[in-house]
Amino acid sequence: RDCITWYALSGHINLNRKFIFNNAGGAMGAMYLLHASLSEYLIIFGTPVGTEGHTGRFLADDYFIIIDGEQWAFSEGMLDKQVFKPGDMHHLPRGQSQHYKMPERCWALEYARGNIPSMLPFGIADTLFSTIDFVTLYNTFAVYTELVVSNLLMGKI
C-alpha cells in the first residue's frame, strides 16, 4: 500500500468532507482539511478567481506546494517577487511572514508543522471581524475539532 492509502484507511486522512471558505490575512479562498492535529495540518487550499493577503507569522513551518496556477510572494526588503509554479514549494519558516498573491486560479497542497493552535486566531480573525460569516466559522471549527479529537484518540498529538 502507498502512504496516502495507509493514512486514509487508518483514519488519519479525512475523505468525508467538502471545501470550506477561508478568510485570513485579507485573502479569501477555499480549503479542504485532509488532516489536522495539534502539531500539523494538511489541506488543499486555493481559489479559481485569485486573491492576495498577508501570510501570517506563526510558531509553525508552512509548506505550500503549488498544484495548479501561480503564487507570488515577497518579504520585507525584497524588491522583486518570488514566483511559484506547479511543482514548486513555497516554504514559510516559523516566525517569518510575507505578502502573497494568487493572481488568478491557483490550488496548492499546504502542510504546516508546529504549534497549530497558535495559528487559529489568524485563521478566524477575518471571519469574526470582517466577513461575519458564522457558517464558515462553524464549519471550520467543526471539521478541525473532529479531526484533532480523532487524532488524539489515536495517539497523534
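On inspection of all chains with the given rule, the structure shows 5 aromatic pairs. Here Phe19 and Trp107 contribute two aromatic rings whose centre-to-centre distance is 5.6 Å and whose plane-to-plane angle is 75 degrees, an arrangement assigned as edge-to-face. On the criterion of sequence distance, the pair formed by Phe19 in the loop between helix H1 (3-10) and strand S1 (20-24) and Trp107 in strand S10 (residues 106-114) is long-range, its members being 88 residues apart. For Trp107, a relative accessible area of 17% gives the class buried. Residues Phe58 and Phe122 carry aromatic rings whose centres are separated by 5.2 Å and whose planes lie at 75 degrees to one another, so their mutual orientation is edge-to-face. One end of the pair, Phe58, is in the loop between strand S4 (51-54) and strand S5 (60-69); the other, Phe122, is in helix H2 (residues 120-131), and 64 residues separate them in sequence. Among the residues examined, Phe58 registers a relative accessible area of 9% and is labelled buried. Here the aromatic cluster, defined as three or more aromatic residues joined through ring pairs, consists of Phe19, Tyr32 and Trp107. Cation over ring: Lys81 sits above Trp72, and NZ or CZ is 3.4 Å from the ring centre.

This paragraph deals with the nonpolar core. In terms of nonpolar packing, the biggest core is built from 25 residues, with Leu33, Ala36, Tyr41, Phe45, Ile116 and Met119 touching the most fellow members. Setting aside its immediate chain neighbours within four residues, Tyr41 contacts His35, Ala36, Asp62, Glu110, Tyr111, Ala112, Ile116 and Met119.

Further remarks concern unusual backbone geometry. Positive phi is not limited to glycine here, since Ile132 has a value of about 50 degrees. For Ile132, the location among the structural elements is in the loop between H2 and helix H3 (134-153).

This paragraph deals with the environment of Leu34. Within the secondary structure, Leu34 is located in strand S2 (residues 27-36). Judged by its relative accessible area of 12%, Leu34 falls in the buried class. Between the C-alpha atom of Leu34 and that of Val143, which follows or precedes it by 109 residues, the distance is 9.8 Å.

Right, let's talk about the pattern of salt bridges for a bit. By the definition in use, this model includes 5 salt bridges. Between Arg113 and Glu40 there is a salt bridge whose closest N-O contact spans 2.9 Å. Highlighted residues: Arg113 in strand S10 and Glu40 in strand S3 (residues 40-47), separated in sequence by 73 residues. Taking the relative accessible area as the measure of exposure, Arg113 reaches 44% and is therefore partly exposed.

Each value, and the rule that gives it
- Residues numbered from 1 in each chain as written.
- Predicted model: local features only at pLDDT ≥ 70, side-chain atom pairs only at ≥ 80, totals over all residues.
- Heavy atoms only, no water.
- Phe/Tyr/Trp six-rings, centres within 6.5 Å; stacked < 30°, edge-to-face > 60°.
- Helix = DSSP H or I, 4+ residues; strand = E, 2+ residues; numbered from the N terminus.
- Buried < 20%, exposed > 50% of the residue type's maximum accessible area, 1.4 Å probe, protein only.
- Lys NZ or Arg CZ within 6 Å of the ring centre and 35° of its normal.
- Core = buried A, V, L, I, M, F, W, Y, C linked by side-chain atoms within 4.5 Å.
- Contact = heavy atoms within 4.5 Å.
- Salt bridge = Lys/Arg side-chain N within 4 Å of Asp/Glu carboxyl O.

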